[in-house]
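Here's the letter readout for the chains.
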Amino acid sequence: MSEYTVPARRPRRAAAAKLAPVIATSAVLILARVWNANGAEHSLGDAWLMGTLAVFSCAAGAFSAIGYAGAPVITGTAFAASAAFALAGVAAYADGWSLPLLLWGIATVLAYALAHRHWRTDRREATAYERRLAEKREDHAHVERIEAMRGQTQITIARDQAIYAANLAAALTTRAALPGFDAAALTEAGLPELPAARTTEE
């Protein structure tokens, strides 16, 4: 079951990742316009609140980038929050749709530009992993083929030796059964004494 569900989930996860930036910026724009309709339009207090949050988030991102160079996730999250606060503040304060939509488009493009770098890195790492996995599989397959050939060769040699031993035993038995066969003459000639002959002499 897992062999089919895991590959089926990958295209859905990839599609969700592609839509995540535009969904995030659209959600911020919609919520800001709802806030605008509920009294945030031309409210300096609300605009100052969003501006202050945006500045603090941007400062946190800069501090993270300088002090914690090994934590890109924290830096990216802080800068993304700063952009979201700025977009929400302008969209909630403005009285029309032109400026909010313009900022929404810019924020969406920037979000996709930043996400593209991560997607490209992920693709590069996935390609390298698949290449290493294919090389390991090829190495294992090569070792298995060599071991299979070696085992087949040993089986063939053992079978040939068994056939040779059986033929030799049959030949010796047939020759011992011939009239006038003298095992002692073979022994005197320097040949090893046959078991059958030793048994006959005893």
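The model shown is predicted, which means the values in this text are computed figures rather than measured ones.

**Observations regarding the overall build of the protein chain**
- Across its full length, the protein chain holds 6 helices and 0 strands.
- Going from N to C terminus, the protein chain has its helices and strands arranged as α-α-α-α-α-α.
- The buried share of the protein chain, reckoned over its 202 residues, is 15%.
- Residue pairs in contact within the protein chain that sit at least 24 positions apart in sequence constitute 65% of those at least 6 positions apart.
- Of the roughly 15000 Å² that the protein chain leaves accessible, carbon and sulfur atoms contribute 67%.

**Section: a positive patch on the surface**
- A surface patch of like charges, here positive, comprises Lys18, Arg117, Arg120, Arg123 and Arg124.
- Residue position: arginine 123 is located in helix 4 (residues 98-176).

**Focus: the packing of aromatic side chains**
- Inspection of every chain in the model, using the stated rule, returns 0 aromatic pairs.
- When the ring centre of tryptophan 97 is taken as reference, the NZ or CZ atom of arginine 33 above it lies at 4.7 Å.

**What about the nonpolar core?**
- Counting 7 residues, the largest nonpolar core consists of Leu29, Ala32, Ala40, Met50, Ala88, Ala91 and Ala92.
- Mapped onto this core, the elements with two or more residues apiece are helix 1 (2-40) and helix 3 (72-93).
- If we skip the residues at most four places from it in the chain, alanine 88 touches Val28, Ala32 and Met50.

**A closer look at the environment of tryptophan 48**
- Of note, tryptophan 48 is situated in helix 2 (residues 44-67).
- The exposure class of tryptophan 48 is exposed, given its relative accessible area of 63%.
- Along the backbone, tryptophan 48 and glycine 89 are 41 residues apart, and their C-alpha atoms lie at a distance of 8.2 Å.

**Brief notes about the side chain of threonine 108**
- Inspection of the secondary structure puts threonine 108 in helix 4.
- Polar contacts involving the side chain of threonine 108 include one to the side chain of threonine 25, which spans 2.9 Å.
- Among the polar contacts made by the side chain of threonine 108, one reaches the main-chain carbonyl oxygen of tryptophan 104 at a distance of 2.7 Å.
- Residues within four places of threonine 108 in sequence aside, it is in contact with Val22 and Thr25.

Rules used in this analysis
Residues numbered from 1 in each chain as written. Predicted model: local features only at pLDDT ≥ 70, side-chain atom pairs only at ≥ 80, totals over all residues. Heavy atoms only, no water. Helix = DSSP H or I, 4+ residues; strand = E, 2+ residues; numbered from the N terminus. Buried < 20%, exposed > 50% of the residue type's maximum accessible area, 1.4 Å probe, protein only. Contact = heavy atoms within 4.5 Å. Areas by Shrake-Rupley, 256 points an atom, 1.4 Å probe, with all protein chains shown as cover. Patch = residues over 30% accessible without salt bridge, like charges linked within 9 Å, V, L, I, M, F, W, Y side chains within 5 Å. Salt bridge = Lys/Arg side-chain N within 4 Å of Asp/Glu carboxyl O. Lys, Arg positive; Asp, Glu negative; His and termini not counted. Charge placed at Lys NZ, Arg CZ, Asp CG, Glu CD. Phe/Tyr/Trp six-rings, centres within 6.5 Å; stacked < 30°, edge-to-face > 60°. Lys NZ or Arg CZ within 6 Å of the ring centre and 35° of its normal. Core = buried A, V, L, I, M, F, W, Y, C linked by side-chain atoms within 4.5 Å. Polar contact = N/O pair within 3.5 Å; in protein donor to acceptor, adjacent residues only side chain to side chain.

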